[in-house]
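Structural characterization, general
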Amino acid sequence: MRLCAAACIAFIWSGGACAGYVPRSALDEAVRIAAVTAKSAPDESTLAARLDAARLSAVSDPLPAEAELQQTLLRLREAIAPQAATRMQVEALTDYSPQTYTDALDDERARGGLTVPAFEIAATARGTLRRWDKAAHRAALVSALRRGDLEALRAIDDAAAWREQIAVASDAELLLLRSADSADPGVRSALALRLGDTSLARDVLRAPATPAGLTLLAALPEAFESTVALTLLNDPDLDSGYRSAARLAMSRLVWSAETQQALLAGLGDADGASSAQALARDPRNLPALRRIIADAPDDLSLRRALLALHWMEDAGASATLAAFSHDPAQPASLRAEVSQWLR
Amino acid sequence: MAALSRVTAALLFSVTATAAAQVLTLTEDSYGDTLVPLGYPVPLPVDSQTPVDGFRRYAALQARLDELALSSDSIREQTIGQTLAQRPITAVQLSDADALTAEGFAEPAALINGGIHAREWGSPEVVAALVEHYAERQNDGGLYRYLLDNLNLIVIPVLNVDGFLQTQRYPDTFLQTEYSGDPTPADLSAEPAEYRNYPRDGRFRRKNMRNVDETLCAAGSTGCVADGMLGVDLNRNNTHAFASGNQNSNASGSLVYHGVSAASEPEIQALYAAGNLGPAARLRLYVDTHTFSRVYYGVNTGRTRRDALARALAQRMSAATGGVDRYPYNPTPAGQGIGSTDERFAYDYQIPAYTLELEPSANGGSDYGSFGYHHDGFVLPASEIARVREEITAANTVGLYRMAGPPSLIAAQVRRVDSDLLVYDARWMRDGSTRALTQFGDGNLEPGVAYRLWLAFNKPMRWRDPQTQAITQFIGQSIDLAPQIALTGRDAGGAAFSFALATTAEGWRATPPGTSAGCLRYADDAYQVVFTLPTGSPAIEARRLQLAVTATDFTGQALDTNPATVADWAGGWANYEDDAGRADTDVGGSDRTLVLVDDGSSAAAGGSGGGGSVGLGSSLTLLLAAWLRRQRAQKSRGKPRLQ
Ligand SMILES: [Zn+2]
């Protein structure tokens, strides 16, 4: 955490200011001036030269210099093919230590003491380089695809650039990208979705869960025909981190006896509550849930069926719960819980 | 080179822009006039009941709590109120059914909430994780069973339900108003200037949904009801210091609008109702979980002992996240306030009360290499949340365990190893709201005979590595793992002596109660050591022989030196005596209450002995008679002595 020095914090508490701390009004003014200056620069070389000058003058007069660094970086970020010298200037700023601090932007700002840099210069420099890099990688991908050069494709290690390219690729290009066999779950997910490739999707969902895999899973009901999606979501070898999400995603498939049966079959297992919530999303499942409650194949299935009715927000479901709560043949503790829901 | 994006300029406090408020979209690294690149994938709500590398959709999170409550007798849901949109606000109560500790005293309580500010998605995840952590371990026979039996924990994962749903409805879009381009409605004129270019609605909604519809739109666009600025800041709507301080506004469009009156909002009323489930008078800890800036904000109420204990506790909790300074403690000076929840609980109940701001640090998303959008700290990368859940669960566990109360030595036995013959038996038993000591036995220890000393405490004293089952420090804590135990007193000639027993950490007992040398109630609430007195030891035929026990709980709280008066909370620890017998120091000390051979010189040996003058309970005579019968039956070799 980059904080003002301890002495500075104490000084702020006592109501004063300290070196490096500037009020918002002074910041606004410095940004305004820097924005005008940056806009007036005729070309990239001028902007790059200003970065160098501002970095030097930040030592003696940090506020205007840091405002200029930030605004200049934002202008440079728009460059299409920056010169090597410009790139070096920006790289020199990726570990820039801020000197101008303002009061904290956290949401409880009154508490005093904690301060934040007024300008995220290092972060903006990183963002600028990233933008340039990704644009270059996209260009390299396009070129490699045009040549059909698998080795060149594999050498481009930029998942975000890949995903962007996948989004716009032709069918032939997609197959080429698929052949490159990227290990990145986000790339594999994007390819699975665009190609409608069930085996690729299945592989992603059997590997340890990742945010990209969760995104793929959530997209399956719309991306695949329902019976295909059901097979993928109901895969017994699904990674455990995906199971709850998979059950819930089943509720977005076109309703069918097969889907209902898959969900009912899972009611008593470790992710049975997720089955219950999926079943609760369609009142057509009510009769089947009532049968579970009547037959009570096992305690867990019974509990999950009751939960499903609880979540169903349906008059018929509520009536079944009320009847359950009044049925002396049912376990007292469960009846008490159900009564609590109905209150 | 393309023209500088007007939007990005606006993000950096530019006053050159003149556009109206607009709806912007968060992206990973796509740039455009209405795009805000973060530098990492924009997390979308995940429809999963179980925790994932991401942020769960509200309905799934709530269903998860329903399921956990239905599957456990120690987890109950309580509806504590209704939002403005008539949605139930749910608290989860983690506690056994009675309101008593295992010993039978009134149970303490704690309240932990999340989701006051809608956009702070890390908060509900972290608070729900505590429920999940408890649920998984409810039958551990150790720490979590102890907490469930001895503390009434009330948890609210999402208080601002309507607002949270609004942020999940628009997970990657938000309304941002600009500094000078806005038509400034009259009721915004009083707002502090620095709030005016902040994002407001959609993903970045902070406040509740008072007078706000669910449509995200920019003022001036066709059909748009310009209500995106409205809502009440629930963390300014509290009864203490309402409408005070400079971080408040009475303008309804302000990000820090405090509402029409203190506790006017149903969410805050629900929070207080949850506190009353404690009941409120039994509360000992309050944590309101927010993001971001990685800090424990707190409140100094001006009560020195409470303020010092609140600081010490915050540091202990921070240590459990990876370092004492990882979440630094930052209290508001006494007498100041802004109407926040921690102020209300700190002042009304004089308990440690915190506004916990989760990570990232005040630098926001740049902690994770972001591109530096000024509010990106509210958008924790999905890949970070699992770790944050774990760290804060450890911190909360430390806070709950410590505030459940200081440790007391409440039972001891000495047995011969060869015959298992009980030669000394002591127990502090509940007697109304105090404890009474029953102890009896033969203090005549023989030389060259191995004895087993068993001590039991009123809480689990140690933590075991879940993998190896070895006694180890709880995360970030640093204590002596072995207790110090000595036989002290006066020898046959009247000279003072002290004989230290050799102790190691392996003496803590995890085997279940009822088994040979098991724990008393919970794993590691008991300790056992075998000792042999050498010939000529002053402890043989001692005129006075007593135990001196020095141990702390796993957060370093020392023993209550007088178990007779039961430690409780009263703006500081009450009845938590130190080595000098003082109950106003909050430090505790060594237990010297157990006397194997009594010469009547109550505190003669071993210093002042805080509990030395404890009276024996009236039930003692009956217990003694029963014990005498038992000992005769066991053909005890010595004459039993009443201590
Ligand atoms: Zn907050």
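Residues numbered from 1 in each chain as written. Chains lettered and ligands numbered in written order. Predicted model: local features only at pLDDT ≥ 70, side-chain atom pairs only at ≥ 80, totals over all residues. Heavy atoms only, no water.

Glancing now at the sheet that holds strand β8 (residues 199–202) of chain B. Residue and element names in this part refer to chain B. Pairing is mixed across the open sheet formed by 4 strands, whose spatial order is β2-β1-β7-β8. Sheet topology places β2 (35–37) and β8 at the edges, where each strand pairs with a single neighbour. Going across the sheet, the axis of each strand differs from the next one's by a mean of 40°, ignoring polarity. Judged from the 3 bridges that link them, strand β7 (residues 173–176) and β8 form a sheet pairing that is antiparallel. Counterpart to phenylalanine 174 in the pairing with β8 is glycine 202. (Pairing = 2+ DSSP bridges. Helix = DSSP H or I, 4+ residues; strand = E, 2+ residues; numbered from the N terminus. Axes fitted to C-alpha atoms, helices over the stretch in contact; angles between N-to-C directions.)

In terms of nonpolar packing, the biggest core is built from 92 residues, with Tyr134(B), Leu153(B), Tyr354(B) and Leu400(B) touching the most fellow members. Top element by residues in this core is helix α9 (residues 385–403) of chain B. It accounts for 9 residues. Mapping this core onto the domain boundaries places at least three of its residues in each of domain 1 (2–403) and domain 2 (409–635) of chain B. Among the nonpolar cores identified, the runner-up in size contains 68 residues, and Leu177(A), Ala273(A), Phe324(A) and Val46(B) belong to it. (Core = buried A, V, L, I, M, F, W, Y, C linked by side-chain atoms within 4.5 Å. Buried < 20%, exposed > 50% of the residue type's maximum accessible area, 1.4 Å probe, protein only. Domains from an automatic or database assignment.)

Time to look at the environment of Thr535(B). Residues and elements named next belong to chain B. Looking at the secondary structure, you find threonine 535 in the loop between β22 (526–532) and β23 (544–550). The class of threonine 535 is exposed, set by a relative accessible area of 73%. Spatially, the C-alpha atom of threonine 535 lies 9.9 Å from that of valine 449, the residues being 86 residues apart in sequence.

With that settled, consider the packing of helix α17 (residues 286–295) of chain A against helix α19 (residues 315–325) of chain A. All names here are of chain A. α19 packs onto α17 with a crossing angle of 10° between their chain directions and a minimal axis gap of 11 Å. Considering the angle they form, α17 stands roughly parallel to α19. When α17 is examined against α19, the residues Leu286, Arg290 and Ile293 are found in contact with a partner set consisting of Gly316, Ala317, Thr320 and Phe324. Counted by class, the contact of α17 with α19 contains 4 nonpolar, 2 polar and 1 charged residues. (Parallel < 35°, antiparallel > 145°, perpendicular 65-115°, else oblique. Contact = heavy atoms within 4.5 Å. Nonpolar A, V, L, I, M, F, W, Y, C, P; charged D, E, K, R; others polar.)

Moving on, we come to the sheet that holds strand β10 (residues 295–299) of chain B. Residues and elements named next belong to chain B. The 8 strands lie next to each other as β3-β4-β6-β5-β9-β12-β10-β11, forming an open sheet whose pairing is mixed. Each of the sheet's edge strands pairs with one partner strand only, and the pair in question is β3 (75–82) and β11 (329–332). For this sheet the average axis-to-axis angle between neighbouring strands, irrespective of direction, equals 25°. In the sheet, strand β5 (residues 109–113) pairs with strand β9 (residues 283–293) via 5 bridges, with the strands oriented parallel. Within β9, the residue paired with alanine 109 across the bridge is leucine 283. Taken strand by strand, helix α6 (residues 266–276) contacts β3, β4 (88–94), β5, β6 (152–156) and β9, and its axis lies near 145° from that of β3. Contacts between α9 and the sheet are confined to β5, β6, β9, β10 and β12 (353–361), with β12 contributing the most and set at about 160° to the helix.

All names here are of chain B. Residue-level pLDDT values for chain B average 87, and 87% of them are 70 or greater. Within the model, pLDDT remains below 50 along residues 178–196, and this stretch shows 52 contacts once partners closer than five positions in the same chain are excluded. Residue range residues 604–629 is modelled with pLDDT below 50. Its contacts to residues more than four positions away, or to other chains, number 44 contacts. Here the prediction assigns the complex a pTM of 0.88, and the interface score ipTM is 0.86. (pLDDT = per-residue confidence, 0-100.)

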